[in-house]
Structure formats: C-alpha cells, structure tokens
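The residues making up each chain are set out below.
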Amino acid sequence: MRRKNGGMKEFIRKMIVSLKRKPQYIPLLVLAAAFLLYSLNLTHVSDTTAKIQLPGMGLSGFCTMLFSLLSFVCFINAYPHRKKTNIPMLVLMFLMLGILMVCDTYYAMRITQALTRADHPIIVDAGTAYIPAAYRMLMAHRAIVAVGALLTLLVPVLRRLLRRIDTSLPMEEDSGMSGIHLSGEA
C-alpha cells in the first residue's frame, strides 16, 4: 500500500518537473481538449448544417476543423526543442485561433437565426435535438479556445510560477556515505 502512494507522488513529481521544463504543454493540452470536443461532436454540426442550410454554415464548420489542425502545427513550430520561441508562428497561431472563434460565433448566429426566424422557424423536438447540442458545443468550444489562447499568452508567467515549486528529492543524512574514506591515505 505504501508503495502505491510513493509511486503516485513520484509520478506527480515527474509530471511537474516535465511541466517546469516545457510549460507550453499546458495550453497545448487545453487546445487539444477543444479540438477533441469539436471533433467528437462533428456529427451534430454536420446534421445541423444539413437541416438549416443557411449560407456559410458548411464553410464555417470546415474552417473550424482546418484551422484547429493548422493551429496545432503552428503551436508546435512556435516552441521548437531547445530553441527560442518562434514569434511569427505564434502570431500565425493566434490569427488562426481568432478565425476559429469567429467561425464558431458565425455558426452559432446562424443557428439562432434559423430557430427564431419569422417564416418557417426550425422547431426543436426529439428529431432535431442535435441543434441545441451543437449550439452548446460551439459555445463551450469557443470558451476553451479562448482559455487556450490566454494560457499561451501566459506561458512566461506559468514558467515562473512552476519554477517556484520544489521538486527536489529529499536527501537522507547517512545514506551509505559513512563507509567511504575521503583521505588520501591508503
């Protein structure tokens, strides 16, 4: 039982050490969560696009998927291994994240427009329950992307905060050093 607790503590310590070395993993994981949220709910988006059929909805969904993948590529290239941050790639990534948020907003406005229009509004029932699900997912996706962008801006602050965490292993006083003779005499 004791070994499991020590193993978990060691796992957490190693994870914090890894984050201290590369704090950019934190926003990368948040952006990965946003991508997974959108990807796993893509069926709702596609069904909503097919049902509502307003101009630009399909393009908006396509741009969201495209720029999600391309923003990952830019993010990874913005923080190369053992080199300084690549600022142009970081700026390009923020541009793509902005486009993602605009596409999400545009798509959500089109859903609202279809549900509240005066002539032939879309009625939400059991057969069209995917429409509000897609709307909620878009709002969550937009929020997670915004949090990821904010965390990316705060990587230098995260780096300083993580450095304050003590991850050194405790040293025992007499751990086998008593048997070593340090004098030059044989």
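Predicted, not measured: the structure shown is a model, and the values here were computed from it.

### Topic: the confidence of the model for the chain
For step 1, the next point in the chain: Counting all residues, the mean pLDDT for the chain is 87, and 89% of those residues have values of 70 or more.
For step 2, the next point in the chain: Ranking the helices and strands of the chain by mean pLDDT puts helix α6 (residues 130-153) first, with 96, and helix α1 (residues 2-21) last, with 77.

### Points about a nonpolar patch on the surface
For step 1, the next point in the chain: Nonpolar side chains collect at one region of the surface, where Leu 150, Leu 153, Leu 154, Val 157 and Leu 161 lie side by side and expose about 440 Å² of accessible area between them.
For step 2, the next point in the chain: With respect to the secondary-structure elements, Val 157 resides in helix α7 (residues 155-163).
For step 3, the next point in the chain: Of the residues examined, Val 157 reaches a relative accessible area of 38% and is grouped as partly exposed.

### Let's talk about the packing of aromatic side chains
For step 1, the next point in the chain: Overall, the coordinates contain 2 aromatic pairs when judged by the stated rule.
For step 2, the next point in the chain: Residues Phe 35 and Phe 72 carry aromatic rings whose centres are separated by 5.6 Å and whose planes lie at 85° to one another, so their mutual orientation is edge-to-face. Of this pair, Phe 35 sits in helix α2 (residues 25-40) while Phe 72 sits in helix α4 (residues 57-78); the two residues are 37 residues apart in sequence, bridging distant segments of the chain. Take Phe 35 and Phe 72: they sit in the same class, and that class is buried.
For step 3, the next point in the chain: Where Phe 75 meets Tyr 79, the ring centres are 5.3 Å apart and the plane angle is 50°; that geometry is what we call tilted.

Calculation notes
- Numbering of residues starts from 1 in every chain and runs along the sequence as written.
- Given that the model is predicted, a residue must reach a pLDDT of at least 70 before its local features are reported, and side-chain atom pairs must reach 80 or more before they are shown or counted; all residues, however, enter totals for whole chains, interfaces and linings.
- The basis for every side-chain value is the complete set of heavy atoms in the structure, and neither hydrogens nor water enter the calculation.
- pLDDT is defined as a per-residue confidence score from the predictor, taking values between 0 and 100.
- Secondary structure elements follow DSSP: runs of H or I of four or more residues count as helices, runs of E of two or more count as strands, with numbering from the N terminus.
- In this analysis, a patch consists of residues with relative accessible area above 30% that form no salt bridge, clustered at 9 Å for like charges and at 5 Å for the nonpolar side chains Val, Leu, Ile, Met, Phe, Trp and Tyr.
- All accessible-area figures derive from a Shrake-Rupley calculation using a 1.4 Å probe, and residue coverage is judged against the displayed protein chains alone.
- Between Lys or Arg on one side and Asp or Glu on the other, a salt bridge is scored when a side-chain nitrogen of the former is within 4 Å of a carboxyl oxygen of the latter.
- Working definition: with a 1.4 Å probe on protein chains only, accessible area under 20% of the residue-type maximum means buried, over 50% means exposed, and in between means partly exposed.
- Pairs were defined over the aromatic rings of Phe, Tyr and Trp, the Trp ring being its six-membered one, requiring ring centres within 6.5 Å. Orientation was assigned from the angle between planes: stacked under 30 degrees, edge-to-face over 60, tilted for the rest.

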